[in-house]
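Remarks on the overall topology
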Number of protein chains: 2
Amino acid sequence: MAEKLGLVDDEYIPVGHYAGKVDAAAVLERLGPDAPQGKYVLITGINPTPLGEGKSTTAIGLSQALGAHLDRNVVCTARVPAMSTTFGIKGGAAGGGYAQIVPMDVFNLGLPDSHYASLATNLIAAQLDTRMYHESTQSDAALYRRLVPTVKGVRTFAPIMLKRLAKLGIDKTEPDELTPEEIRKFVRLDIDPHTISFMRVLDVNDRSLRKITINQSPTEKGRIREAEFAVTSASELCSAQVLCTSLGDLKEKIGNTVVAFSRSGDAVTVDDLGVTGAATLIMRDTVKPNLMQTIEGTPVLVSGSCFANISVGNSAVIADQVALKLVGNDGFVVTEAGFSEAIGAEKFFNIKCRVSGLQPSAVVLVATVRALKVHGGGPPVSPGRPLDDAYTSEALDLLEAGLTNLRDHIGNLTKYGVPVVVAINKFSTDTDAEVALVRDAAIAAGAVDAVCSEHHGKGGAGAVDLANAVIAATQEPSDFKHLYELDLPLKDKIEVIAREIYGADGVKYSTKATARLRDYERLGFGKLPVCIAKTQYAFSHRPADKGGKPSGYTFEISDVKSAIGAGFVVPIAGSVSLMPGLPTRPAIYDQDVYTGDDDTAGASNGMAIGDAIGLM
Amino acid sequence: MAEKLGLVDDEYIPVGHYAGKVDAAAVLERLGPDAPQGKYVLITGINPTPLGEGKSTTAIGLSQALGAHLDRNVVCTARVPAMSTTFGIKGGAAGGGYAQIVPMDVFNLGLPDSHYASLATNLIAAQLDTRMYHESTQSDAALYRRLVPTVKGVRTFAPIMLKRLAKLGIDKTEPDELTPEEIRKFVRLDIDPHTISFMRVLDVNDRSLRKITINQSPTEKGRIREAEFAVTSASELCSAQVLCTSLGDLKEKIGNTVVAFSRSGDAVTVDDLGVTGAATLIMRDTVKPNLMQTIEGTPVLVSGSCFANISVGNSAVIADQVALKLVGNDGFVVTEAGFSEAIGAEKFFNIKCRVSGLQPSAVVLVATVRALKVHGGGPPVSPGRPLDDAYTSEALDLLEAGLTNLRDHIGNLTKYGVPVVVAINKFSTDTDAEVALVRDAAIAAGAVDAVCSEHHGKGGAGAVDLANAVIAATQEPSDFKHLYELDLPLKDKIEVIAREIYGADGVKYSTKATARLRDYERLGFGKLPVCIAKTQYAFSHRPADKGGKPSGYTFEISDVKSAIGAGFVVPIAGSVSLMPGLPTRPAIYDQDVYTGDDDTAGASNGMAIGDAIGLM
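If you check an unreviewed UniProt entry, chain A appears there as formate--tetrahydrofolate ligase from Thecamonas trahens ATCC 50062. One UniProt comment on chain A, placed under Pathway (unreviewed entry), says "One-carbon metabolism; tetrahydrofolate interconversion." Its UniProt record gives chain A the following Subunit (unreviewed entry) comment, quoted word for word: "Homodimer."

If you want it as structure tokens, here you go:
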């Protein structure tokens, strides 16, 4: 696979028999900045049902069609699945049916990236709390003596400390030259415990850790505080990794991560904690995407793991950059954005593409007849429950009523100047009349084409029509543009998205949200893009809203968080859960290994997990 | 390196350029049970100072001498270093000077085993608390309907559930045949929250998590409880991995791990939680030791990470088993036991060798003139402080006074029937007269030889004398025996160790310890070996006791924990800290990566860390 991609020498680093790391920096350096690039294709979707509508399988199936059936150079870029998901309800995210990434157990559990992000995050968090402990128990002089010790008669600042000195405006490099006041400013981060935003993480759905009290050992001298754990994909370091363009850029993003505020209102960063180098050291291999393959032997670069609510929900920039050069002039890179068009594609175009400088050539909007019927007013669907007859037999009226959802997503996508192809992810019970209805509506709404795809049941062969439509679309003129300029104040950026994409008349902010936005503007973070966290089930912030864009409503922002290091501000509509829970019967029960000496195992030295459609 | 060891085909699985996994099961199967084995050499030490006396460097240096200078087949087996240690005071544990495992950054941060143990442990802990949540909010019928759902018209127990049914004495395999009472017993683990002994873990020194309160989110409905995090090396799963002999054995050990007791006093296991398969799946690659090398190109198998207090502090059984067959008849396997002779070697002989069935051929007792002077009454030494003159100039009286420590350790070791070689880890300031004094005392006390070793400064060349002494010792008759039989009650086993090894007159138990021991006997765990947690700085439970075995004292057990799945009971003398803290200036400050676009990095794409002597 590495040879097929044209990797040479040490650009491929094997990690076990079924996956390896690609030294993206080495490849990009060898190929040079002017190397020709392939066509960049985004997969997004309409507002889904809780069953998922098949974005991941479409991305995989389309790349199988392009690579294994139409003989095109192709790379599919995918996110590293959250291991927590593998043990929860869904039981994995390797695609499904005949559109899969293999081996499934390596994809779901064997890639190391999430371990690194967890460890680095928790190291930063430990250093944060421990620094507060040491500041609370030591004098300025004692802190300084320990932070800048005399070793073999010499006293020097660690390189990372020079950054803090520069930030404080202290233009000295000799430790003995600092005045007591400068020493005080240097050694005291003076963190306000109520402002700590940096969370510990686990890649496990552990609801017990949503809200906890820490520092309760007598050794911590009563410094108790409330804290929370998130799942690893919700970590700021995962966001930084997804959006970084090099190891140096990752280090800068980690160092700039704001963990809390000081009592005087300054931002306290990972640089201030001195953990930047160590955290980057832990994370260093995450800038090397994992090379795997689909069930039909086409390459997949797996890199980046971040949620689509608190973060951008896209795979890593660096993987797309290297993939586009590896496939060359006539090739294709297929990537997916998590959540629906109004969230995933918006963040892809306005945040990810801005960071990467890459120009998408086409966007595929995945729709299912089932989801459109739900938008038309059909009965609710939920995992594990049998489907209503409306979804397994022809219901043209219901479908017609729901097409407004499809039309409004197409309308949104055309604002970016990129050709839109609608992929109808076809189920066996969908009728020809239903498919024709969707197709006509899509084209009438501005899609350049709309085709059925049956990759789940037929693999790449089932997605050849879609692939041909995508190839044709990428020959169309593309005039890619962002939706807003970064110069706008944060509130104005939010308004543009709310009006243009969500169909709102305006935006209402909670007092807290307004205060936070003011803080961010004051601290110089106002030029960052905004990454709005909201439900994926509707255009609005109300998950129950079905159909197209509602009108005459005000979009509501309840809170604002940020990932300053990664480079965005996160306005939150509603509430965002960063730590899921396990169900009564998690997928755990079906997972086992073959050990050769028992007969209870469900799979051959691998995972026994069911098919899963869609990726969070 | 893999070829040099005689590995064929897929027995070596590369993981990056500098390390790989050895499929121990495949090697053992190919070589067969009757393949000749090499000599098995244990490295242990006298009671150390807080600076460490060089057990790890001696193990590495000795293997370099045997392999690179005396042309013997040799494998050094080492523990996977705790990453937490890398970021703390010591900054790594790859040996030091010219007796090192390389590359240091891969050894300290690049081996995946600890990530797997952390994830598997935290998954079990999450399932434990979540199961309690679901039991508290659902009826028997609802729990049963969800745990054993009807899928496509069929209702079946997951294989792991059959184990619980068997444990409950319910001889049925059809879900619909259970009576309501049987259903109740099946679905209700009925965990008593006060008895939960299974801890969450991080491989980070995070003192804030020593004692916490969890379940404080309103979603958890007031089910708050106290909990604690330990470092990963203190986890029961790490102990299970160290002592397992195959993947199947690991699975059994994980399944048998007792996480809590039910309100009626029964042991609740990982099997009962249904997580055995998933946890083993996560841990599956840990039964494949990591192959690395020393600075002189001799092979090292790195596997197993467990503390020497709460666990056995040895490297993995499976690595020693495969290494002994790989080196063959004339070869050597050198391994180290953490903490001093009275702890590390005792657990090696009585727990690890019992599990593995392996027979040690010689034991090397590492001593330093410095530590013996401390035992003779010299002033205290501590990391980061300059050494007193007593340690850098000749002080024969002080040394003589401290030799009792060496004599008593030799006396203990001779009880196992294995020849003892004393290795004097020589510092440049040690005088010839001092070395001679130690040597004479060692031989008089029963060592077969006592030689200087200068591996730290000279690499394998500095350990050739030691290697020759070890080769000679392994030709001596060895009559290995355990110190106690497993049939003895737990208290009797503790007494044997306290009297024979610690020199106590007897043992006193706290009320809590007595109650716990009674519980373990009642539940059928009385035949397990005991793994006593105590200070490594003295023979007794009092760290300040210097010199040899104190007499006329009672050894005190304050508490008893266990690792039932791994297979031992842990009587605790004093208090055991399972979560260290970070110092004011952790090694973090000196760690960095080379990114090519800054000049603040301290090392070339690796770690900038100081030498570290000794391994916890």
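1. Some thoughts on the overall build of chain A
Looking only at helices and strands, chain A has 21 helices and 24 strands in total. In terms of C-alpha radius of gyration, chain A reaches 25 Å, essentially the compact-globule figure of 25 Å for 616 residues. With respect to the three principal axes, the spread of C-alpha positions in chain A is 80 × 60 × 55 Å. The buried share of chain A, reckoned over its 616 residues, is 64%. Accessible surface for chain A amounts to roughly 20,900 Å². Of this, 50% is attributable to carbon and sulfur atoms.

2. Overview of unusual backbone geometry
Glycine aside, a negative phi is what most residues show, and trans is what most peptide bonds show. Cis geometry marks the peptide bond from Val102(A) to Pro103(A); its omega dihedral reads -10 degrees. The topology assignment puts Pro103(A) in the loop between strand 6 (99–102) and helix 4 (104–110). A positive phi is found at Asp9(A), a non-glycine position, where the angle reads about 50 degrees. Among the structural elements, Asp9(A) can be located in the segment before strand 1 (12–14). Judged by its relative accessible area of 74%, Asp9(A) falls in the exposed class. Despite not being glycine, Lys152(B) shows a phi value in the positive range, around 50 degrees. Looking at where Lys152(B) falls in the secondary structure, it is placed in the loop between strand 7 (150–151) and strand 8 (154–155). For Lys152(B), a relative accessible area of 84% puts it in the exposed group.

3. Focus: the confidence of the model for chain A
In this model, chain A carries an average pLDDT of 92, and 95% of its residues clear a pLDDT of 70 or more. ipTM for the predicted complex: 0.93, alongside a pTM of 0.94.

4. Comments concerning the relation of the copies chain B and chain A
Between the two copies, chain B and chain A, the superposition gives an RMSD of 0.0 Å; the rotation angle is 180 degrees and the shift along the axis is 0.0 Å. On the angle and the small slide along the axis, the relation comes out as a two-fold axis. Minimal C-alpha separation from the rotation axis in chain B is found for Val15(B), amounting to 2.0 Å. A share of 100% of the interface residues of chain B reappears at the interface of chain A, consistent with the copies meeting face to face through the same patch.

5. Some thoughts on the pattern of salt bridges
With the rule as written, the count across this model stands at 70 salt bridges over all chains. In this structure, Arg522(B) engages Asp519(B) in a salt bridge whose closest nitrogen and oxygen atoms are separated by 3.7 Å. With a gap of 3 residues between them, Arg522(B) and Asp519(B) both fall in helix 22 (residues 511–522), about one helical turn apart. Overall, Asp519(B) belongs to the partly exposed group, its relative accessible area being 28%. Through salt bridges with shared partners, a single ionic network connects Asp129(A), Arg200(A), Arg225(A) and Asp206(B).

6. Focus on helix 10 (residues 247–256) of chain A
Along helix 10 of chain A, 8 of the 10 residues are buried, which leaves the element largely enclosed by surrounding structure. All of the buried residues along helix 10 of chain A are Leu247(A), Gly248(A), Asp249(A), Leu250(A), Lys251(A), Lys253(A), Ile254(A) and Gly255(A).

7. Considerations on the domain arrangement of chain A
Residue and element names in this part refer to chain A. Partitioning chain A into domains gives domain 1 (119–282) and domain 2 (490–573). Between domain 1 and domain 2, the C-alpha centre-to-centre distance is 29 Å. Contacts between domain 1 and domain 2 engage 11 residues on the former and 10 residues on the latter. Approximately 770 Å² of surface area, both sides summed, lies buried where domain 1 meets domain 2, with 65% of it carried by carbon and sulfur atoms. Looking at the side of domain 1 that touches domain 2, the elements that each hand over two or more residues are helix 9 (236–243), helix 10 and strand 13 (258–261). Residue classes in the side of domain 1 that touches domain 2 are distributed as 5 nonpolar, 4 polar and 2 charged.

8. Digging into helix 13 (residues 317–327) of chain B
Where burial is concerned, most of helix 13 of chain B is hidden: 11 out of the 11 residues are buried. Here helix 13 of chain B has its buried residues at Val317(B), Ile318(B), Ala319(B), Asp320(B), Gln321(B), Val322(B), Ala323(B), Leu324(B), Lys325(B), Leu326(B) and Val327(B).

9. Some points on the pairing of strand 13 (residues 258–261) of chain B
As paired elements, strand 13 of chain B and strand 14 (residues 267–269) of chain B share 3 bridges and run antiparallel to each other. Counterpart to Phe261(B) in the pairing with strand 14 of chain B is Ala267(B).

10. Let's talk about the interface of chain B and chain A
Every contact between the two is made by 83 residues of chain B and, on the other side, 83 residues of chain A. For the chain B and chain A pair, buried surface summed over both sides reaches about 7,200 Å², with 62% attributable to carbon and sulfur atoms. Here Glu220(B) ties to Arg210(A) by a salt bridge, and the two come within 3.4 Å at their closest N and O atoms. Taken together, chain B and chain A are joined by 38 residue pairs in polar contact (both at pLDDT 80 or more). By residue number, the principal contributor to the side of chain B that touches chain A is helix 5 (residues 113–137) of chain B, which donates 12 residues. Along the lines of polarity and charge, the residues of the side of chain B that touches chain A split into 39 nonpolar, 26 polar and 18 charged.

11. Digging into the packing of helix 5 (residues 113–137) of chain A against helix 5 of chain B
At a minimum axis separation of 10 Å, helix 5 of chain A and helix 5 of chain B run at an interaxial angle of 80 degrees. Taken as axis vectors, helix 5 of chain A and helix 5 of chain B run roughly perpendicular relative to one another. Of the residues in helix 5 of chain B, those in contact with His115(A), Tyr116(A) and Leu119(A) of helix 5 of chain A are His115(B), Tyr116(B) and Leu119(B). Classifying every residue of the contact of helix 5 of chain A with helix 5 of chain B gives 4 nonpolar, 2 polar and no charged.

12. A closer look at the side chain of Asn122(A)
Mapping Asn122(A) onto the fold places it in helix 5. For Asn122(A), a relative accessible area of 3% corresponds to the buried category. When residues no more than four places from it in sequence are discounted, the contact partners of Asn122(A) are Arg200(A), Val201(A), Leu202(B) and Val204(B).

13. A few points about the packing of helix 9 (residues 236–243) of chain B against helix 10 (residues 247–256) of chain B
The packing of two helices is summarised by the inter-axis angle and the distance between the axes. Residue and element names in this part refer to chain B. Running from amino to carboxyl end, helix 9 crosses helix 10 at an angle of 150 degrees, the nearest separation of the two axes being 9 Å. The angle between helix 9 and helix 10 falls in the class roughly antiparallel. Crossing of helix 9 over helix 10 shows right-handed handedness. Across the interface between the two elements, Leu237, Ala240, Gln241 and Leu243 from helix 9 touch Asp249, Leu250, Lys253 and Ile254 from helix 10. Its residues assigned to classes, the contact of helix 9 with helix 10 comprises 5 nonpolar, 1 polar and 2 charged.

14. Structural notes on the side chain of Gln64(A)
Position of Gln64(A) relative to the elements: it lies in helix 2 (residues 55–69). Those residues within four positions of Gln64(A) in sequence are excluded, and the remaining contacts are His69(A), Tyr98(A), Ala99(A), Gln100(A), Thr294(A), Ile295(A), Glu296(A), Thr298(A), Gly459(A) and Gly460(A).

15. A word on the packing of aromatic side chains
For the structure on display, the rule yields 19 aromatic pairs over all chains. Between the aromatic rings of Tyr144(B) and Phe157(B), the centroid separation amounts to 6.4 Å while the plane-to-plane angle is 55 degrees, which identifies the pairing as tilted. You can see Tyr144(B) sitting in helix 6 (residues 140–147) and its partner Phe157(B) sitting in the loop between strand 8 and helix 7 (159–167), a full 13 residues away along the chain. Each member of the pair, Tyr144(B) as well as Phe157(B), is classed as buried. Among the aromatic residues, those joined into a cluster by ring pairs are Tyr40(A), Phe348(A), Phe349(A), Tyr416(A) and Phe480(A).

16. Considerations on the environment of Arg516(B)
Residue and element names in this part refer to chain B. Among the structural elements, Arg516 can be located in helix 22. Residues Arg516 and Ser562, spaced 46 residues apart in sequence, show a C-alpha to C-alpha distance of 9.6 Å. Apart from the residues lying within four places of it in its own chain, the contact partners of Arg516 are Asp559 and Val560.

17. Focus on the pairing of strand 22 (residues 554–557) of chain A
Residues and elements named next belong to chain A. Here strand 22 shows one buried face, formed by Phe555 and Ile557, and one open face, formed by Thr554 and Glu556. Sheet analysis places strand 21 (residues 506–509) next to strand 22, joined by 4 bridges and oriented parallel. Looking across to strand 22, one finds that Tyr509 is bridged to Ile557.

The rules behind each value
Residues numbered from 1 in each chain as written. Chains lettered and ligands numbered in written order. Predicted model: local features only at pLDDT ≥ 70, side-chain atom pairs only at ≥ 80, totals over all residues. Heavy atoms only, no water. UniProt positions renumbered as here; feature names shortened; annotations may be inferred. Helix = DSSP H or I, 4+ residues; strand = E, 2+ residues; numbered from the N terminus. Rg over C-alpha atoms; globule rule 2.2 N^0.38 Å. Buried < 20%, exposed > 50% of the residue type's maximum accessible area, 1.4 Å probe, protein only. Areas by Shrake-Rupley, 256 points an atom, 1.4 Å probe, with all protein chains shown as cover. pLDDT = per-residue confidence, 0-100. Least-squares fit on C-alpha atoms with pLDDT ≥ 70 in both. Contact = heavy atoms within 4.5 Å. Salt bridge = Lys/Arg side-chain N within 4 Å of Asp/Glu carboxyl O. Domains from an automatic or database assignment. Buried area = accessible area lost by both parts, 1.4 Å probe. Nonpolar A, V, L, I, M, F, W, Y, C, P; charged D, E, K, R; others polar. Pairing = 2+ DSSP bridges. Polar contact = N/O pair within 3.5 Å; in protein donor to acceptor, adjacent residues only side chain to side chain. Axes fitted to C-alpha atoms, helices over the stretch in contact; angles between N-to-C directions. Parallel < 35°, antiparallel > 145°, perpendicular 65-115°, else oblique. Left-handed = near helix turned anticlockwise from the far one by under 90°. Phe/Tyr/Trp six-rings, centres within 6.5 Å; stacked < 30°, edge-to-face > 60°.

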